[in-house]
Each structure stands twice: as structure tokens, then as C-alpha cells.
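Geometric and topological summary
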Amino acid sequence: MGRRDASFAIGNQLASQPIPDGYSTCSRAPTRRAAVAGRQSSRDASYMKPRAFLAAVLILGIFAPAVSAQPAGNRAASEPVAASGAATSAPQPAPTQVTIAPASGANLNISPKRVTFDRSHRSGSIFIFNQGSGPGTFDISLVDRVMMPDGQILPLADALAKPETKAIADRVRSAKNVLQVSPRRVTLDPGQGQTIRLRMIGAADEPGAAELRSHLTISTLPPREAGTTAEAAAAAAAPQGELRFQINALLGLSIPAIVRLNELDIRAGLENARLSYEQLPPSLGAPAVRTAILTLELVRRGANSLFGNVEIRTQGDLRPLPMGMARGVGVYTEIERRTIRIALTRVPAPGEHLEVTFTDDDTSPGKLLAKLIL
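Remember, it's a predicted structure, so these values are computed and weren't measured experimentally.

1. Some points on the overall build of the protein chain
Along the protein chain, the regular secondary structure elements total 6 helices and 21 strands. Out of the 374 residues belonging to the protein chain, those deemed buried represent 45%.

2. Some details on the sheet that holds strand S12 (residues 211-221)
In spatial order, the strands read S4-S14-S12-S6-S10; together these 5 strands make up an open sheet with mixed pairing. With one partner strand each, in any of the chains shown, strand S4 (115-117) and strand S10 (185-188) form the two edges of the open sheet. Across this sheet, the average inter-strand angle for adjacent strands is 20°, counted without regard to direction. The pairing of strand S6 (residues 136-143) with S10 spans 4 bridges and is classified as antiparallel. By the bridge assignment for S10, threonine 137 is matched with threonine 187.

3. A look at a nonpolar patch on the surface
A cluster of nonpolar side chains, namely Leu275, Tyr277 and Val347, defines an oily patch on the protein surface of about 220 Å² accessible area. Looking at leucine 275, the relative accessible area reads 35%, which means it is partly exposed.

4. Overview of unusual backbone geometry
Residues apart from glycine generally show negative phi values, whereas peptide bonds are mostly found in trans. Omega for the bond connecting serine 111 with proline 112 falls within 30 degrees of zero, at -5°, which places this linkage in the cis form. Positionally, proline 112 belongs in the loop between strand S3 (108-111) and S4. Phi at asparagine 272 is positive, roughly 55°, even though this residue is not glycine. Classification of asparagine 272 as partly exposed rests on a relative accessible area of 46%.

5. Describing the sheet that holds strand S17 (residues 306-314)
In spatial order, the strands read S18-S17-S20-S21; together these 4 strands make up an open sheet with antiparallel pairing. Unpaired on one side and paired on the other, strand S18 (324-331) and strand S21 (368-373) mark the two borders of the sheet. Along the sheet, successive strands turn relative to each other by an average axial angle of 20°, direction set aside. Two strands pair when backbone bridges link them, and strand S20 (residues 354-360) and S21 are joined in this way by 5 bridges, in the antiparallel orientation.

6. Side note on the pattern of salt bridges
Close approach of charged atoms allows side chains of opposite charge to pair. Within this structure, the stated rule accounts for 16 salt bridges. Across the pair arginine 341 and glutamate 278 runs a salt bridge, and its minimum N-O distance is 2.6 Å. In this pair, arginine 341 sits in strand S19 (residues 337-343) while glutamate 278 sits in strand S15 (residues 268-280), placing the two residues 63 residues apart along the sequence. A salt bridge links glutamate 311 to arginine 327; the nearest nitrogen and oxygen atoms lie 3.8 Å apart. Of this pair, glutamate 311 sits in strand S17 while arginine 327 is found in strand S18, placing the two residues 16 residues apart along the sequence. Arginine 327 gets classed as partly exposed once you look at its relative accessible area, which sits at 29%. Taken together, the salt bridges that share partners define one network made up of Arg114, Glu211, Arg260 and Asp362.

7. Digging into the confidence of the model for the protein chain
Regions with low pLDDT should not have their predicted coordinates read in detail. Summarising the model, the protein chain shows a mean pLDDT of 75, and 64% of its residues fall at 70 or more. Note that residues 1-94 has pLDDT below 50 and, in this model, 252 contacts with residues that lie over four places away or in other chains. Under a pLDDT of 50 for its full length, residues 96-101 has, in the predicted model, 15 contacts with residues more than four places off or in other chains.

8. Quick notes on the nonpolar core
With 34 residues, the main nonpolar core has Leu270, Leu298, Val356 and Phe358 as its most contacted residues. Residue contributions to this core peak at 4 residues, all from strand S16 (residues 289-300). For leucine 298, the residues in contact, after removing those within four places along its chain, are Ala268, Gly269, Leu270, Leu306, Val329, Val331, Glu336, Arg337, Arg338, Ile340 and Phe358. Counting residues in each nonpolar core, the second largest holds 28 residues, with Val181, Ile218, Leu253 and Ala257 among its members.

9. Here's the deal with the packing of aromatic side chains
Counted by the stated rule, this structure contains 0 aromatic pairs. Its end group placed over the ring of phenylalanine 307, arginine 114 keeps NZ or CZ at 4.1 Å from the ring centre. A cation over a ring is seen here: arginine 213 above tyrosine 332, with NZ or CZ 3.9 Å from the ring centre.

Criteria and cut-off values
- Residues numbered from 1 in each chain as written.
- Predicted model: local features only at pLDDT ≥ 70, side-chain atom pairs only at ≥ 80, totals over all residues.
- Heavy atoms only, no water.
- Helix = DSSP H or I, 4+ residues; strand = E, 2+ residues; numbered from the N terminus.
- Buried < 20%, exposed > 50% of the residue type's maximum accessible area, 1.4 Å probe, protein only.
- Pairing = 2+ DSSP bridges.
- Axes fitted to C-alpha atoms, helices over the stretch in contact; angles between N-to-C directions.
- Patch = residues over 30% accessible without salt bridge, like charges linked within 9 Å, V, L, I, M, F, W, Y side chains within 5 Å.
- Areas by Shrake-Rupley, 256 points an atom, 1.4 Å probe, with all protein chains shown as cover.
- Salt bridge = Lys/Arg side-chain N within 4 Å of Asp/Glu carboxyl O.
- pLDDT = per-residue confidence, 0-100.
- Contact = heavy atoms within 4.5 Å.
- Core = buried A, V, L, I, M, F, W, Y, C linked by side-chain atoms within 4.5 Å.
- Phe/Tyr/Trp six-rings, centres within 6.5 Å; stacked < 30°, edge-to-face > 60°.
- Lys NZ or Arg CZ within 6 Å of the ring centre and 35° of its normal.

Put into C-alpha cells, the structure is as follows:
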């Protein structure tokens with residue numbers, strides 16, 4: 001999402017930072033400002049740049065027939081002298097060299113950022129495009145994930161295994177059994193794209209559920225030449241006793257695929273809004289300044305999930321740029337409410353009233369679903 005001016009960037013950068021869902025990458029580490037935003041999404045989350053995930057392939061090479069606990073260059077100095085009776089030095093750990101390399105030069109873009117189905121719309125498609133400098137091979141699958149009240153999206157299996165998240169995870173209704181994906185693996189050269197098709201198979205029937213959801217996940221596979229063979233490791237000229245790791249970063253994208261079973265019931269509310277103040281840098285490397293943070297809860301009052309935009313303005317102000325915003329915010333059916341934190345572009349003046357709105361960006365784009373005056 002573009003930032004139109006320096007002051008607007010303060011609120012927009014915080015509010016639109018991704019959670020691990022939607023279009024997600026792991027190309028750079030989040031700043032402190034991103035942590036404050038609670039990983040707000042844009043396009044669920046818009047540029048999900050999800051909210052996704054980082055897999056690491058560790059390739060271990062031991063470059064000597066026998067690895068000593070000490071480097072060869074230090075061994076003479078640390079060995080005990082038998083005749084002197086001196087105490088033996090404690091063994092020193094072997095030096096470790098770690099190399100981090102990208103899995104490939106691929107940089108994947110995906111559109112749209114979510115896909116929905118119902119009884120009259122039983123098929124859909126998304127388009128992926130390799131805008132990177134190198135080829136990439138990608139696995140395509142449906143994965144079940146769960147949203148937490150703070151906006152985090154976790155793998156369902158992980159959430160089921162933890163007592164503190166199991167109750168929410170038990171409420172997830174998977175769409176994996178009613179959706180078919182094709183193709184399941186693609187290789188794309190730079191500048192090449194691919195259409196991925198999804199369609200409903202059979203009758204979607206889940207008693208008591210308003211919708212089913214899984215997440216279409218596209219994960220990068222390491223290239224065949226990544227890493228090293230055992231022969232290459234043994235032949236490499238490495239210092240005696242040195243341990244080497246190579247970490248290949250594997251990127252992934254994840255967007256929600258939602259199957260709606262009944263008539264839509266989309267209602268929302270905004271509750272428990274409060275202002276706080278923190279010292280935050282307006283941009284990376286800039287000194288921290290006093291920044292107003294609005295914390296509130298987006299409440300799902302209908303049976304279906306929510307997806308839309310939160311904007312904060314001075315009451316009655318119709319100017320196009322709000323004081324703060326969060327685009328593509330979702331509340332899935334396993335939770336009733338989600339906490340959102342949005343940084344404002346300026347500190348409100350004494351007596352100034354703020355108007356907070358939540359508008360739909362799903363079935364009726366632009367429709368006002370909730371409003372709150374502070």
C-alpha cells in the first residue's frame with residue numbers, strides 16, 4: 001500500500017502491517033512499529049507482505065574426518081603440560097560459520113487476496129506471478145489456520161496442541177474436504193504467471209456452521225542445487241574443527257478460501273476504544289516521537305466473518321486522508337471480537353472528538369457496518 005505523505009505514513013505503516021495471512025512474505029524483519037500495530041492486515045492482510053511464514057532448511061557439513069572440540073590453531077596453547085601438573089583447560093567450542101541464502105531469486109505476487117464461494121458461485125481462480133529475478137518452484141495446498149483475538153493467525157495443528165488456544169481452534173470449520181485445487185505445483189521463470197483454479201466438489205454441509213474456511217498456501221521449494229552433498233562437504237577446505245551451517249529461506253503466501261453455506265449475516269460493532277501514547281519513530285532510523293495509539297475491539301455480531309477497513313477521523317472531517325486507518329481487517333468465525341491498535345498521524349487536540357468507522361470490503365464494498373464517536 002502506498003503512503004501519500006510523511007505524516008500519513010505514521011498511522012498507515014502501523015495500521016497496515018501484516019498478520020501471517022493473505023499476501024505474506026518474509027523479506028525483511030518487522031520494525032518496532034510493526035509490533036505495536038498488532039500485525040494489522042491489508043487485503044486480509046493486504047500485502048497478508050501473511051501475518052506468512054518462514055521455513056528453514058538446514059544443511060550441515062562437517063569438513064573433517066574427526067572434529068575436535070578445539071580449533072587446531074589453539075590446541076597447543078590449551079593442552080596440559082604433563083610434567084608441570086598444571087590444571088587442564090576446559091574444552092573450547094568449535095567455531096561455527098552460518099550462511100543464510102535465499103532459496104531462489106523468485107518473488108511471488110498473488111491476486112486476489114481472498115476468494116469466496118457459495119451455492120451459486122462454486123468456482124474461482126487466483127493468479128500468481130513471479131516478479132523476481134530467478135525461477136522458482138512452488139507447492140500449492142490448502143492449510144487450516146486459526147485466528148486469535150489479537151489478530152494472529154496460527155496453524156490449526158499448533159493451536160490445537162496448546163491448552164490456551166485449543167478452545168478457539170476447536171471452532172474452526174475446514175473447507176479442505178469441499179475444495180479442489182489445480183495445479184498443485186508450478187515452476188515459474190522470471191516474469192511468468194500461472195492461474196490457479198479452485199472449485200467446490202460435492203455438497204458443503206456442516207451443521208450449525210455459517211461458513212467453512214481453509215487457506216490457500218503457496219510455498220517456495222528449495223532449488224535442486226541448494227545445499228551441498230556429503231562428498232562436497234568432505235572435500236571442502238575448511239579449518240579443522242569448524243562447523244558450518246547453510247540456511248535457505250523459503251517464502252510462502254497464504255490467502256483465505258471461504259465457503260459460505262447460508263444466507264449472509266454480516267453485522268459488526270466497535271467497542272472499548274481508548275487512547276494511549278507511546279514513543280515511536282515516525283520512520284525507520286528516525287528519532288522516537290510521542291505518538292497517539294487508538295486501541296479498540298472490532299466485534300462480529302453476525303454469523304459470517306467480517307472483512308473491511310477501519311478509519312479514524314476528526315468528527316465531521318470529510319478530507320480524504322484519515323488520522324489513522326487499517327485496511328483489510330478480518331474477523332473470522334472462530335472468534336467474536338478482535339483487538340486492533342492503530343497509530344494516529346497526530347495527537348488529538350483537547351476536546352477534539354474522533355469518529356471511528358468500519359466499512360465492508362467484501363460483499364458490499366463501502367457499506368458502513370459500524371461507527372463509534374470518541
